[in-house]
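Here is what each chain is made of, one letter per residue.
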Amino acid sequence: MSSVILENIEKHYTGFHALKGINLSIDKGEFIVMVGPSGCGKSTLLKTIAGLETVTSGKLMISGRDVTGEEPGNRGIAMVFQSYALYPHMTVAENMGFGLRMAKRPKTEIDTAVRRAAEILRITEQLDKLPKQLSGGQRQRVAIGRAITRSPEVFLFDEPLSNLDAALRTQMRVELSTLHARLGSTMIYVTHDQVEAMTMATRIVVLNKGRIEQVGSPLELYTNPKNIFVAGFLGAPRMNFFQGKITATLADTVTLSVDGLPQLTLDGVITDGLEVGDVATLGIRPERLVHNQVSSISFDARVRLVEHLGRETVLYADATPLKTTGSDTGTQNVTVQMAGIEPLRTDETVRIGFALADTYLFGPDGRTLTPPKPLKAN
Ligand code: ATP
């Protein structure tokens, strides 16, 4: 059953079109994560679901009810913000029970709901403290607890972990996933963090300039991005893009010329509208490039920078005359991600190779033209 349905949602601010034709149906119990570059409309979309922003046009349904014009309090949602937004003069218990007190629920019901949420979040010992006496992670648990006590149909999270340090983020990420499994509620979550998106989401929504680019499970989106935007947005380090030109097309076969590589022939390609001479982009993920191994296609590159992360080594190399676009470092670099520790030195020349089956071809309009790849956990 659908929990939240967004139908043709449009949002215009004065002089700015922030949301463009948003259509999305979210099932009960899903964990939806919205990602996209800064300013793409993630928070605006979340706020329109919460009722903190009005929509210019379109319809919003929550649990089968049209709530487009409803006040936030009547929508059956609870929102958790990045800045915990706790009342400093109230104890943890009072903060957590605030929504129910406002709704004039009986004291026993409020106490029971607060105790239950505190147990779930393991903050029972903190109930009598003030927010200033808590750590950042504990404060964020209180903010989540305040949402839980209201038993909402839908939880909305706006970057709830971004103020926490790395270790606490990892811990809270696991806790939120566990909480989701335990409560079975619908959750909609906005983040900039790729790992949060990939690990927590049942489906990721990728937004760009107020539009939805693609919706799908994390591995679907990672393995089969619909276009060059999604391909470049998901994955860190990001996908390598090489500029090429179409030199021949025949049925579903395309020949691509990329400076610095032999002619490449790709099969199963969508060739509708594609013409000889068109500029196209070849994409390959950094973990699919290998160095100093025999592979079907290879090129030389000069090592510019090596990042030793222990578990993996990330190599940034200059592969001129290959023309790369939009690399992580902003320069003409090929990025190679290798498992383990690789003894590489700056300025040495390495041979980098790849298999054609691991590549993506993007047309002049950015659409993915190569056929879907089987989903595989890397
Ligand atoms: P970030 O990741 O930086 O938080 P976001 O994807 O959440 O970004 P929004 O906060 O949703 O982006 O903003 C989307 C766009 O709408 C931005 O370009 C922003 O400048 C614009 N915007 C947001 N609020 C208003 C407003 N009240 N008036 C005019 N423009 C606004």
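Everything that follows concerns the structure shown earlier in this document.
What counts, and at which threshold
Residues numbered from 1 in each chain as written. Predicted model: local features only at pLDDT ≥ 70, side-chain atom pairs only at ≥ 80, totals over all residues. Heavy atoms only, no water. Axes fitted to C-alpha atoms, helices over the stretch in contact; angles between N-to-C directions. Helix = DSSP H or I, 4+ residues; strand = E, 2+ residues; numbered from the N terminus. Parallel < 35°, antiparallel > 145°, perpendicular 65-115°, else oblique. Left-handed = near helix turned anticlockwise from the far one by under 90°. Contact = heavy atoms within 4.5 Å. Nonpolar A, V, L, I, M, F, W, Y, C, P; charged D, E, K, R; others polar. Phe/Tyr/Trp six-rings, centres within 6.5 Å; stacked < 30°, edge-to-face > 60°. Buried < 20%, exposed > 50% of the residue type's maximum accessible area, 1.4 Å probe, protein only. Lys NZ or Arg CZ within 6 Å of the ring centre and 35° of its normal.

> Break down the packing of helix α2 (residues 92-102) against helix α3 (residues 107-121) for me, with residues and values.
Packing of α2 against α3 brings their axes to within 9 Å, and their N-to-C directions diverge by 130°. By the criterion of interaxial angle, the relationship of α2 to α3 is oblique. Handedness of the crossing formed by α2 with α3: right-handed. Only I110, A113, V114, A117 and A118 of α3 make contact with α2, whose side of the interface consists of A93, M96, G97, L100 and R101. Here the contact of α2 with α3 is composed, by residue class, of 8 nonpolar, 1 polar and 1 charged.

> Describe the packing of aromatic side chains, with residues and values.
For the structure shown, the criterion picks out 8 aromatic pairs. Measuring from ring centre to ring centre gives 6.1 Å for F242 and F299, while their planes differ by 75°; the resulting arrangement is edge-to-face. With a gap of 57 residues between them, F242 in strand β11 (residues 240-250) and F299 in strand β16 (residues 297-308) connect regions that are remote in the sequence. Judged by its relative accessible area of 0%, F242 falls in the buried class. Owing to a relative accessible area of 3%, F299 belongs among the buried residues under this scheme. Joined through ring pairs, the aromatic side chains of F31, F155, F157 and Y189 make up one cluster. Note that K373 overlies the ring of Y360, its terminal NZ or CZ placed 4.4 Å from the centroid.

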